[in-house]
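# Fold and contact review
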Amino acid sequence: MTETAIIELNKVGKWYGHYHALRDVSLQIRKGEKVVVCGPSGSGKSTMIRCINRLEAHQTGSITVNGTELTDDVKSVETIRKQVGMVFQQFNLFPHLSVLQNLTLAPIWVRGMAKAEIEEVALSYLDRVRIRDQAHKFPGQLSGGQQQRVAIARALCMRPQIMLFDEPTSALDPEMVKEVLDVMIELAEEGMTMVCVTHEMGFAKSVADTVVFMAEGSIIETAPPAEFFANPRSERTRQFLGQILEH
Amino acid sequence: MSKDLTTRSTAWAASFEEEPSQVMVPPPALTALKPFGWAKDNLFNSRLNTALTLACLAILWFAVPPVVSWALVNATWLGTPEQCRAAEGACWSIIAAKHRPIFFGTYPYEEQWRPLLACALFLVALGVSAVRACWRPWLVGVWVGCLGLMGALMWGGVFGLTYVANDRWGGLPITLMLSVFAIALAFPLSVVLALGRQSGLPAIRSLCVGFIELMRGVPLVSVLFMASVMFPLFLPEGVTVDKLLRALAGLTMFTAAYLAEAVRGGLQAIPRGQYEAADALGLSYWQKMLLIILPQALRIVIPPIVNQFISCFKDTSLVTIVGLYDLLTAANLATTDPEWRPFFGEVYVFVGLIFWGFCYSMSRYSQWLERESNRYNRR
């Protein structure tokens, strides 16, 4: 299993001051695997996926992404960030750039691609997230759902091997959640390796290969969705599922 | 115009919405159309407002006629000092008589077309730089050419122009060059200082904090004195740095320290998500700052930055204490002629108007720039 893992977390620990945010988190993710991470707020799920592209630095243990170990060395961080795309809860589009410029900026400056070439690629991605007609607008002129789809297209333009989603639908109005999930489902069907922190249990059931449940900085349970939802092994998981599936 | 007034009175009516019955009252559109109705609605609509309006009218009644009669009606426009003494009003003749020393100080009289041309060139270059359509790479070429030409005009020594050492320069060219160069140099320096102040490296951070706090903690006059009197003492014997250059360095550092704090305010206003998104895309530190953070941060702080520019422009008049002849000093000197001496007030009014003209232009331009650079916020 280990040799085919594209992401490997080995006993990762992290503290914010005295607060122990991650406790010995170990996780292997295969190429093409779709992992949904869930758990109560403050359980460390966002911290964990933000460690994968070094938005947060872990303090103990090791993280290896596609054969490169994440260290303090800037080179390793650069190498990994080029292969890992990220989508944020708050979209984080660049408000002073047009939609198209948001997509082409990093490929031009980080990958050194020619403007004409990447613009064509960017438009094709905008097509895929069904938003091509908005290419020349500014992010502030789009709805939340549209902005999040642009954010997905922006990450894809860097041709990542892995996509991280940090609660991608939590800041959206309910009627816009579906348009973003649809794009994510398509992406999953194309075989992208995805790690997704979300409370969308429907998405987890239909798309995930593995569901990871975290609480208080530890991974409590890792299981395929059918098993996770039907027969949760731990009491803590049952309690969490009882709370979120009640409504 | 009439539509304007109608909307305004509607808004006025709407401000009384606490009482439900008021909401349904149609706006008094017809009375608002007439000047008398407008005055009643806006100037005499309560006892306090009526009192304030009357007080303002009284102040204007006492203040305006004497000023107008002094400055315009009874003024002597082109005359001799004797005629000025005989007249009751302002003596604008002194401007006509002394405009050359006011504008150009001690620059050789017969060569004063050179600083005039240099100033004109400078102002044209500044004007061109202000236009959006001219923000192209060739603008750099324009500036290099202009500065070269200005140097040739001011110093001379080439193209058959006689050499004029820069301790004879004075007046408007000094004020314009000092302020524009100080602003142009201080701005990039301030961005570096602001970034340095936020740096994760303790050595760089404390260096920047130390510089900013030192410069902000002392008056500009003492910075200029340091640059002018103290600094040469530290130089090895035989090495001299030009006085003008030293004053420019002092002014630049002082302005940069204040600007840096304005820029820092902008940097702190950018949400953390912007930094994280840039990081996640793999942008380097400088790419992140130059492409994502600074373009947004600087837009936010246009008002305080221009505030500092205006302040720097006016502060150039302090270089008089290190023996440089800026516009104000040159004007002061021009009034030492005993014949014209009584009319120094008119000269200060004139110089004040010049300063005001430049500062007001900067202020108006910044308003345009602010609107222009916030286009992306419009829906």
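Residues numbered from 1 in each chain as written. Chains lettered and ligands numbered in written order. Predicted model: local features only at pLDDT ≥ 70, side-chain atom pairs only at ≥ 80, totals over all residues. Heavy atoms only, no water.

## Here's the deal with the overall build of chain A
Helix and strand content of chain A: 9 helices and 10 strands. Relative to the 2.2 N^0.38 estimate, which gives 18 Å for 247 residues, the radius of gyration of chain A is 18 Å and therefore close to what a compact globule would have. Seen through its C-alpha atoms, chain A measures out along the principal axes to roughly 55 × 45 × 35 Å. Among the 247 residues that make up chain A, the fraction classed as buried is 56%. Restricting to contacts in chain A with at least 6 residues of sequence separation, those with at least 24 account for 65%. Taken as a whole, chain A presents about 10,600 Å² of accessible surface, with 48% of it coming from carbon and sulfur. Put simply, chain A has 26 plus and 30 minus side-chain charges, and the middle of one group is 3 Å from the middle of the other. (Helix = DSSP H or I, 4+ residues; strand = E, 2+ residues; numbered from the N terminus. Rg over C-alpha atoms; globule rule 2.2 N^0.38 Å. Buried < 20%, exposed > 50% of the residue type's maximum accessible area, 1.4 Å probe, protein only. Contact = heavy atoms within 4.5 Å. Areas by Shrake-Rupley, 256 points an atom, 1.4 Å probe, with all protein chains shown as cover. Lys, Arg positive; Asp, Glu negative; His and termini not counted. Charge placed at Lys NZ, Arg CZ, Asp CG, Glu CD.)

## A few points about a nonpolar patch on the surface
Residues and elements named next belong to chain B. Residues Trp 38, Leu 43, Phe 44, Leu 54, Leu 57, Leu 60, Val 64, Val 68, Leu 72, Val 73, Trp 77 and Leu 78 make up a contiguous nonpolar surface patch of about 1,200 Å² in total accessible area. Element by element, the count of residues in the nonpolar patch is highest for helix 5 (residues 47-73), at 7 residues. By secondary structure assignment, the location of Leu 57 is in helix 5. Of the residues examined, Leu 57 reaches a relative accessible area of 48% and is grouped as partly exposed. (Patch = residues over 30% accessible without salt bridge, like charges linked within 9 Å, V, L, I, M, F, W, Y side chains within 5 Å. Salt bridge = Lys/Arg side-chain N within 4 Å of Asp/Glu carboxyl O.)

## Focus: helix 18 (residues 344-373) of chain B
Residue and element names in this part refer to chain B. Between its first and last C-alpha, helix 18 extends 43 Å over 30 residues, near the 44 Å set by a 1.5 Å rise per residue. Within the sequence span of helix 18, burial applies to Glu 346, Val 347, Val 351, Ile 354, Phe 355, Cys 359, Ser 366, Glu 372 and Ser 373. Structurally, helix 18 contributes buried residues whose contacts are with helix 5, helix 7 (93-104), helix 10 (172-197), helix 15 (285-300), helix 16 (302-315) and helix 17 (327-334). (Expected span 1.5 Å × (residues − 1).)

## Concerning the interface of chain B and chain A
Interface size is commonly expressed as the accessible surface area that is lost when the partners come together. In this assembly, 20 residues from chain B lie in contact with 22 residues from chain A. Both sides together, the interface formed by chain B and chain A hides about 2,000 Å², and carbon and sulfur atoms give 63% of it. Together, Ala 280, Leu 281 and Tyr 376 of chain B form the three largest contributors to the area buried by chain B at its contact with chain A, with a combined 31%. One salt bridge in this structure joins Arg 50 of chain A and Glu 276 of chain B, with 2.6 Å as the shortest N-O distance. Among the secondary structure elements, those contributing two or more residues to the side of chain B that touches chain A are helix 14 (272-280) and helix 15 of chain B. (Buried area = accessible area lost by both parts, 1.4 Å probe.)

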